[in-house]
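Remarks on the overall topology
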Amino acid sequence: MTTVSLSGPAESAPMMMPHHYSSADRRSLPVRIRDIIHSLLSTNRGRVILAAYCAFAFVVLKYNPLALNMQRNPYADERYATFATPFCGPDGICGEKADEPSPRTKYSARSAEQMGLWNKAVDDESQRAITYNLHREAVRAGGGGTTRPLVLLGDSIFESYLGSSYGEPQDKFADVPSVLTTDYAAFEPLVLGISGDQTQHLLWRLLNGGILPEYASDPSAVFVVLIGTNNIGSGMEPGEVNQALRTIGQYLLEEVKGRIIFVELLPRGDVFRTKDICPPRCDGDTGKPLPSFLPSINEVNAAMRDNMSRLTRKYRGRISTVNCNHVFAPDEAALARGEEVNTALMPDSLHPNAA
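Only a predicted model underlies this, so the values are computations on that prediction, with no experimental measurement involved.

Positionally, Arg268 belongs in the loop between β6 (259–263) and α11 (294–314). Classification of Arg268 as buried rests on a relative accessible area of 4%. For Arg268, the side chain forms a polar contact with the main-chain oxygen of Thr229, separated by 2.9 Å. A polar contact of 2.7 Å, which involves the side chain of Arg268, links it to the side chain of Asp270. Once residues within four sequence positions are removed from consideration, Arg268 is found in contact with Thr229, Asn230, Gly233, Arg273, Phe293, Leu294, Ile297, Glu340, Val341, Ser349 and Leu350.

Dropping the structure here:
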């Protein structure tokens, strides 16, 4: 091996012989570190060196610019992403925007496992759409008549029509798929719903394989949209959700030929979850968690009716809304117990059953 001098010509250097490791050199790194520390602690000079190193490490970790930046904004650098990060910060700024297409991120996935389940659910959903599209193409090419398409776009409420959550079978949804065969026998349904999804996730799925030509170009197709309750449940303001619903409606009107029906957000009685979004969404008078999700849901629904009525005038009746909330209203006895939904129809106060 040779070395090169920066101040003069190259000079020959002694040949470096390969090092032969003894058994002592093969010790694990933790053992070596332990021995070094013990060696330093055995002398006064060593103890001074070790103390100085520890002090230096403390200052670097506590006061370096990156650490200060992360203290100011824990969401500043995606490389330091951790799951279960609050969707919206105390200042009301949310990690994702309701009207901008986005896959799940650290803000909207509770764990790495859930992120993996979501990714698989997206793949499975894309395959369902492709299979559905190919089947209809084959029937049409063979000269056969096709049944009217019914495409359900949403979150866990629509995924329950598959009997699953994140693609995993769920006992509590076991009877829900029967609704498609009994109540919608005149249609050929395609379920495009994933548990926990919000408006921005549905937009992302629509742009990534959710709308395929065979059913998008069919003027007899019916597209039913139910999305947005998870935005409210994550701490978003109703106004943000309304903007996203307008965006979804506008996109579908431009991309498909069929009729579009927006189901207004269903009531939900899982009030225990409001503590998870306070702050930023707290009661304006008490500063405590909201006593109910219903005022926010009602605000979204009122704006949805107004927005879709404007679009239907522009697009000649191709888009409308439907409100089913009276079906899930509790009776007087349930109201007296503080229940906000009919738990006979919504056992978990959020998802309808087959009844």
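Alright, that's what it looks like, and here's the rest.
Our focus in this paragraph is the side chain of His351. The residue His351 is located in the segment after α12 (332–336) in this model. Owing to a relative accessible area of 11%, His351 belongs among the buried residues under this scheme. At 2.7 Å, the side chain of His351 and the side chain of Ser156 are in polar contact. A distance of 2.6 Å separates a polar atom in the side chain of His351 from a polar atom in the side chain of Asp348. Residues in contact with His351, not counting those within four places in the same chain, are Ser156, Ile157, Lys172, Phe173, Leu345 and Met346.

Quick look at the layout of surface pockets now. Quantified by volume, the largest pocket comes out at close to 900 Å³. For the largest pocket, the lining is made up of 35 residues, of which Arg110, Asn230, Gly233, Ser234 and Arg273 are closest to its centre. Those elements giving two or more residues to the lining of the largest pocket turn out to be α5 (156–159) and α9 (229–233). Take the lining of the largest pocket: its biggest share by element is 3 residues, from α9. Here the lining of the largest pocket is built from residues that sort into 14 nonpolar, 13 polar and 8 charged. In this structure, the second largest pocket occupies an estimated 640 Å³ of space. Elements represented by at least two residues in the lining of the second largest pocket include exactly β1 (148–154), α5, α6 (178–183), β5 (222–226) and β6. Here the lining of the second largest pocket gets 3 residues from one element, more than from any other, and that element is β5. Among the residues making up the lining of the second largest pocket, the classes are represented as 23 nonpolar, 2 polar and 1 charged.

Turning our attention to the state of the cysteines. If you walk through the whole model with that rule in mind, you get 2 disulfides. Shown here is the disulfide that connects Cys88 with Cys94, its sulfur atoms set 2.0 Å apart. On the S-S bond that ties Cys88 to Cys94, the torsion sits near 90 degrees, and the link is right-handed. The same class applies to Cys88 as to Cys94, namely buried. A disulfide bridge connects Cys278 with Cys282, and the sulfur atoms are separated by 2.0 Å. With the S-S bond torsion at 110 degrees, the cross-link from Cys278 to Cys282 turns out right-handed. For the protein, the bonded cysteines pair up as 1-2, 3-4 when numbered in the order they occur along the sequence.

Another aspect to go through is the packing of helix α10 (residues 238–255) against α11. Contact geometry for α10 and α11: axes closest at 9 Å, N-to-C directions at 30 degrees. Classed by the angle they form, the pair α10 and α11 counts as roughly parallel. α11 is crossed by α10, and the crossing has right-handed handedness. Each of Pro238, Val241, Asn242, Leu245, Arg246, Gly249, Gln250 and Leu253 in α10 lies in contact with α11, whose residues at this interface are Ser296, Glu299, Val300, Ala303, Met304, Asn307, Met308, Leu311 and Lys314. The residue makeup of the contact of α10 with α11, split by class, is 9 nonpolar, 5 polar and 3 charged.

Attention shifts here to the packing of aromatic side chains. The tally for this structure, following the rule as stated, stands at 4 aromatic pairs. Between Phe158 and Tyr161 the ring centres are 5.8 Å apart and the planes differ by 75 degrees, which places this aromatic pair in the edge-to-face class. Aromatic pair Tyr215 and Phe223: ring centres 6.5 Å apart, planes at 45 degrees, arrangement tilted. Assessed through its relative accessible area of 0%, Phe223 is described here as buried. These aromatic residues form a ring-pair network of at least three members: Tyr132, Tyr215 and Phe223. The ring centre of Phe293 lies 4.3 Å from the NZ or CZ of Arg268, which sits over that ring.

The rules we used
Residues numbered from 1 in each chain as written. Predicted model: local features only at pLDDT ≥ 70, side-chain atom pairs only at ≥ 80, totals over all residues. Heavy atoms only, no water. Helix = DSSP H or I, 4+ residues; strand = E, 2+ residues; numbered from the N terminus. Buried < 20%, exposed > 50% of the residue type's maximum accessible area, 1.4 Å probe, protein only. Polar contact = N/O pair within 3.5 Å; in protein donor to acceptor, adjacent residues only side chain to side chain. Contact = heavy atoms within 4.5 Å. 1 Å grid on protein atoms, 1.4 Å probe; cavity = no way out; pocket = protein on both sides within 12 Å on 5 of 7 lines; lining within 4 Å. Points joined across faces, edges and corners; volume = space filled by probe spheres on them. Nonpolar A, V, L, I, M, F, W, Y, C, P; charged D, E, K, R; others polar. Disulfide = S-S within 2.5 Å. Axes fitted to C-alpha atoms, helices over the stretch in contact; angles between N-to-C directions. Parallel < 35°, antiparallel > 145°, perpendicular 65-115°, else oblique. Left-handed = near helix turned anticlockwise from the far one by under 90°. Phe/Tyr/Trp six-rings, centres within 6.5 Å; stacked < 30°, edge-to-face > 60°. Lys NZ or Arg CZ within 6 Å of the ring centre and 35° of its normal.

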